[in-house]
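Examining the three-dimensional arrangement
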Amino acid sequence: MTVRATTRGEERTSLDGARADVIVCGASFAGLAVARELARAGVDADVLVLDRYAIGERATSACAIPTPWLAAMGVEGAARQELPGMAFVTPHGRARYRLPWTWSSFDYRELCALLWEQCGTARFATAVVHGRTGDTVHTDRGDLTAPLVVDACGWRRILGAPHVQPPDAALSRGLEVHPHDTGGTDLDVYLQRDLVRRGYGWSVPAAGERRVGTLSYDPHDHVKEPTRALADRLDVEAVRYQGNWFPHRLREATAGDAFLVGDSAGHCFPLSGEGIRTAFYFGIACGRELAAVLDGRRTRGQALARYTAFHESHRPAFRRAARLQRLIPALPPRVLALLLRMMGVQFLVDRAFGWYLQQAHPSLAAAPPAPSQHPRTHDGPPFEHAPSRR
Ligand SMILES: Cc1cc2nc3c(=O)[nH]c(=O)nc-3n(C[C@H](O)[C@H](O)[C@H](O)COP(=O)(O)OP(=O)(O)OC[C@H]3O[C@@H](n4cnc5c(N)ncnc54)[C@H](O)[C@@H]3O)c2cc1C
């Protein structure tokens, strides 16, 4: 059951006029990665994180990630199940690959709590962000000001213009169910066009729970019936639904003077729809640029330009994945099944999935941030409803 810890009623006092050095809008994968990186850099800064819900309250995905990223972010404690293999299921057979790395499923609430523990003196408040004018962020609890603003609010790109609107934007849609089930050891991918015309289905075991869902690259196609049908095929209950839109095209890294991170910047990888590790990866890069500004090593303009250059250096890989996203659904199913079998040679699996991990590699997280010249302890009050830091 969803526990609602979001501030409501009288607790929802005005925040109007509040000031911070950095405002991070969105407290999921991308936003928490930015705040964590600022804490790691030890900068002398008041960092305020905003989200419409309490941290970890609303899961946004199947929560499967390359296992090395859990260690790199220091959140192994949230892992539910390590998945040693990945299988592609077509109407013409099943091809199972042993990747050069493994996937792991994790618990969203626990992962967010572990990330927040690493966010040092950052404060948190629940607020719905509506937009921004210059350094001022407009929320349902008033206007807040900071010279450095980050949009990590997901696919809508709240602080960027124009806002993204389905179904005509470059968005995919996904929906999954979470039955209690102990079946499955691998991450299974279903390439079955009678389920989804352009997209795929998945089954992600998570120690006592299974996350079963479908995504469509075509935002006009609905995914509720396909998800139900897949659950039916796998003989699991279609219960506890959860779904969202997510981008499948890299967007701009900035909007005016605001930094965009995660789905907001289109960091979700096309084809796979994998956006958690990329949210971490670009969140870390963004956090490092913000730290350099706060330390006086760079101006805001320089940081915006450097972050944009880093983001743009990944565009070829995103384009390549987008081409495959168009090509694969167009292949005759028998040809696709044959290619998947041929690809199963270990050398090719290692090469393809090695390349894939390389595009947002966990070594970025392991690299130490540049040390701050001015470490300090922020003595302002923590805002409400953050998970306690153990
Ligand atoms: C069904 C489904 C399954 C998926 N499974 C996987 C998977 O297994 N692995 C993977 O890597 N990717 C997966 N993805 C993609 C992944 O969920 C996203 O790419 C990822 O969540 C992006 O992280 P983010 O932090 O940028 O945005 P989000 O996780 O969407 O977080 C945005 C945050 O901003 C907050 N917010 C939004 N609007 C406002 C507002 N106006 N004011 C204040 N706060 C706001 C939200 O409450 C949320 O906390 C899946 C997506 C779907 C839909």
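Residues numbered from 1 in each chain as written. Predicted model: local features only at pLDDT ≥ 70, side-chain atom pairs only at ≥ 80, totals over all residues.

**Overview of the site of the ligand**
The criterion, for reference: The rule is simple: place the C-beta atom from the backbone, and if it lies within 6 Å of a molecule or strand, the residue is near it. Labels follow the DSSP assignment, with helices taken as runs of H or I lasting at least four residues and strands as runs of E lasting at least two, numbered in each case from the N terminus. Side-chain classes are defined by residue name, with Ala, Val, Leu, Ile, Met, Phe, Trp, Tyr, Cys and Pro counting as nonpolar, Asp, Glu, Lys and Arg as charged, and the others, Gly among them, as polar.
The environment of the ligand is made up of 41 residues, and the closest members are Ser28, Ser61, Gly154, Gly262 and Gly275. For the shell around the ligand, the secondary-structure elements that each account for two or more residues are α1 (29-41), β2 (47-51), β3 (64-66), β11 (171-177), β15 (242-247) and α5 (276-294). Grouping the amino acids of the shell around the ligand by side-chain chemistry returns 20 nonpolar, 14 polar and seven charged.

**Concerning the sheet that holds β3**
Put simply, the rule reads: For two strands to be treated as a pair, DSSP must find no fewer than two bridges joining them. Structural elements are reduced to axes, namely lines fitted to C-alpha atoms, with helices fitted over the stretch in contact, and the angle between N-to-C directions of any two is expressed from 0 to 180 degrees. Any pair of residues counts as being in contact when their C-beta atoms, constructed from backbone geometry, are within 7 Å of one another.
Spatially, β3-β5-β4-β12-β13-β14-β11-β15 is the arrangement adopted by the eight strands of the open sheet, whose pairing is mixed. In the strand order of this sheet, the two ends are held by β3 and β15, each with one partner. Strand-to-strand twist of the sheet, defined as the mean angle between neighbouring strand axes without regard to direction, takes the value 30°. By the bridge criterion, six bridges tie β11 to β15 in an arrangement that is antiparallel. Among the inter-strand pairings, Gly174 is bridged to a residue of β15, identified as Asn244. Relative to strand β14 (residues 210-216), helix α4 (residues 224-233) is tilted by about 140°, and along the sheet it contacts β11, β12 (187-190), β13 (199-205) and β14. Lying on the sheet, helix α9 (residues 346-358) is in contact with β3 and β5 (93-106); it crosses β5 at an angle near 35°.

**Comments concerning the pairing of β14**
Going by this rule: Think of it as a crowd count around each C-beta: if 20 or more other C-beta atoms lie within 10 Å the residue is buried, if 12 or fewer it is exposed, and in between it is partly exposed, with C-beta placed from the backbone throughout.
The buried count for β14 comes to seven of seven residues, which makes it a mostly enclosed element. Residues Arg210, Val212, Thr214 and Ser216 point to one face of β14 and Arg211, Gly213 and Leu215 to the other, with burial holding for every one of them. The sheet contact formed by β11 and β14 spans five bridges and is antiparallel. Looking at the pairing, Val177 lines up with Val212 of β14. With seven bridges connecting them, β13 and β14 associate as antiparallel partners. In the strand pairing of β14, Trp202 is matched with Gly213. In sequence, β13 turns back onto β14 through a hairpin of four residues, with Ala207 there showing a positive phi of about 45°.

**Remarks on the packing of α5 against helix α6 (residues 300-312)**
Stated formally: Any angle that falls under 35 degrees is termed roughly parallel, while one over 145 is termed roughly antiparallel, one within 65 to 115 roughly perpendicular, and all others oblique. It is the rotation of the near helix from the far one that decides the hand of a crossing: anticlockwise by less than a right angle makes it left-handed, clockwise makes it right-handed.
α6 packs onto α5 with a crossing angle of 160° between their chain directions and a minimal axis gap of 9 Å. With respect to α6, the axis of α5 lies roughly antiparallel. Handedness of the crossing formed by α5 with α6: right-handed. In this structure, α5 uses Phe282, Ala285, Cys286, Glu289, Leu290, Ala292 and Val293 to contact α6, whose residues at the interface are Arg300, Ala303, Arg306, Tyr307, Phe310 and His311.

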